[in-house]
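Tertiary structure, described
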Amino acid sequence: MQLPAVRLIWLGRAHYSELLALQEQWLRRLQADPRPGAPSETEAGALLLCEPAGPVYTGGLRGGLTPEEATRLRALGAEVRATGRGGLATFHGPGQLLCHPVLDLRRLGLRLRTHVAALEACAVRLCELRGLQGTRARPPPYTGVWLGERKICAIGVRCGRHITSHGLALNCSTDLTWFEHIVPCGLVGTGVTSLSEALQRLVTVDEVMPSFLVAFQETFKCTLISEDSPS
């Protein structure tokens, strides 16, 4: 049986706005009626990946940042954006792997809940491949992937007409002090960590990329097709 194909688009170090713009292009592409140039029935969408070029705080559909807080965060030199994903406030920045799968869940045989579970399993598998044991998903309200009481990977998605957007943010060598200015995902009393902190050595986004692609194909049961340009 042929596995569904997913386009792999790696933006490298990019501004968050570039990732959002490309995500919007793929959302329109998947939501459009079939026509020349539209994804085939065996193509499930695109996996958009980047390392943020600068610090960005984002709020979700449930809010998370007041106007006063946004002003305070901008004064730190960070960008502040509202997004359409689920969840509350979080941080994105250099040293973090951002993964936005824009997928037609029907072509992968998934529902929203199993899609989120696959994202969690993907992050856990990646940590295992990099030699970090003990990470796990937790029951609500503790979304994402955790190492003890510290979150190593945030997850927030949006789904409309079976098409997903947004996804996960994995801390590789992220400057974790940026998280001190917010309550990440609205969870008081919890902390954050990174692969570098947990493994006590520098772990870059470039280093984890091959393992992440293996983990993604395993958990989503798909074939990744590289695409040189973000078209």
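The Subcellular location (unreviewed entry) field of the UniProt record for the chain holds the comment "Mitochondrion". For the chain, the Sequence similarities (unreviewed entry) comment in UniProt is given as "Belongs to the LipB family."

Looking now at the overall build of the chain. Looking only at helices and strands, one finds six helices and twelve strands in the chain. Split into buried and exposed, the 231 residues of the chain put 49% on the buried side.

Turning to the packing of aromatic side chains, a few remarks are in order. Going through the model one piece at a time under the given rule, you end up with seven aromatic pairs. Where phenylalanine 91 meets tryptophan 178, the ring centres are 5.5 Å apart and the plane angle is 5°; that geometry is what we call stacked. One end of the pair, phenylalanine 91, is in strand 5 (residues 90-92); the other, tryptophan 178, is in the loop between strand 10 (163-171) and strand 11 (191-192), and 87 residues separate them in sequence. Feature note: the residues Tyr57, Phe91, Trp178 and Phe179 constitute an aromatic cluster, connected by ring pairs. The lysine or arginine in question, arginine 29, covers the ring of tryptophan 26, its NZ or CZ lying 4.2 Å from the ring centre. Just above the ring of tyrosine 142 sits the side chain of arginine 138; from NZ or CZ to the centre is 4.0 Å.

A separate point is helix 4 (residues 112-129). Over its 18 residues, helix 4 runs 26 Å from end to end, which matches the ideal 26 Å to within 8%, given 1.5 Å per residue. Regarding helix 4, the residues found buried are His115, Ala118, Leu119, Glu120, Cys122, Ala123, Val124, Leu126 and Cys127. One or two residues past the end of helix 4 sits glycine 131, with phi positive at roughly 90°.

Within the secondary structure, threonine 58 sits in strand 3 (residues 56-59). In this view, threonine 58 contacts Tyr16, Leu65, Arg81, Thr83, Arg85, Leu88, Ala89, Thr90 and His92; residues no more than four positions away in its chain are not counted.

Before going further, it helps to examine the pairing of strand 2 (residues 43-52). The buried fraction of strand 2 amounts to ten of the ten residues, a majority that puts the element mostly inside the structure. Bridge count between strand 1 (residues 5-14) and strand 2: eight bridges; the pairing is parallel. The residue of strand 2 that forms the bridge with alanine 5 is glutamate 43.

For the rest of this paragraph, the subject is the sheet that holds strand 3. Judged by pairing direction, the sheet is mixed, and its three strands sit side by side in the order 4-3-5 without closing on themselves. One side of each edge strand has no neighbouring strand; the edge strands of this open sheet are strand 4 (79-82) and strand 5. Each neighbouring strand pair of the sheet contributes to a mean axis angle of 30°, computed without reference to strand direction. In this structure, strand 3 lies alongside strand 5, joined through three bridges in antiparallel fashion. Bridge pairing in strand 5 links valine 56 to histidine 92. Helix 1 (residues 16-31) rests against strand 3, strand 4 and strand 5 of the sheet, and its axis sits at about 25° to strand 4.

Rules used throughout
- Residues numbered from 1 in each chain as written.
- Predicted model: local features only at pLDDT ≥ 70, side-chain atom pairs only at ≥ 80, totals over all residues.
- Heavy atoms only, no water.
- UniProt positions renumbered as here; feature names shortened; annotations may be inferred.
- Helix = DSSP H or I, 4+ residues; strand = E, 2+ residues; numbered from the N terminus.
- Buried < 20%, exposed > 50% of the residue type's maximum accessible area, 1.4 Å probe, protein only.
- Phe/Tyr/Trp six-rings, centres within 6.5 Å; stacked < 30°, edge-to-face > 60°.
- Lys NZ or Arg CZ within 6 Å of the ring centre and 35° of its normal.
- Expected span 1.5 Å × (residues − 1).
- Contact = heavy atoms within 4.5 Å.
- Pairing = 2+ DSSP bridges.
- Axes fitted to C-alpha atoms, helices over the stretch in contact; angles between N-to-C directions.

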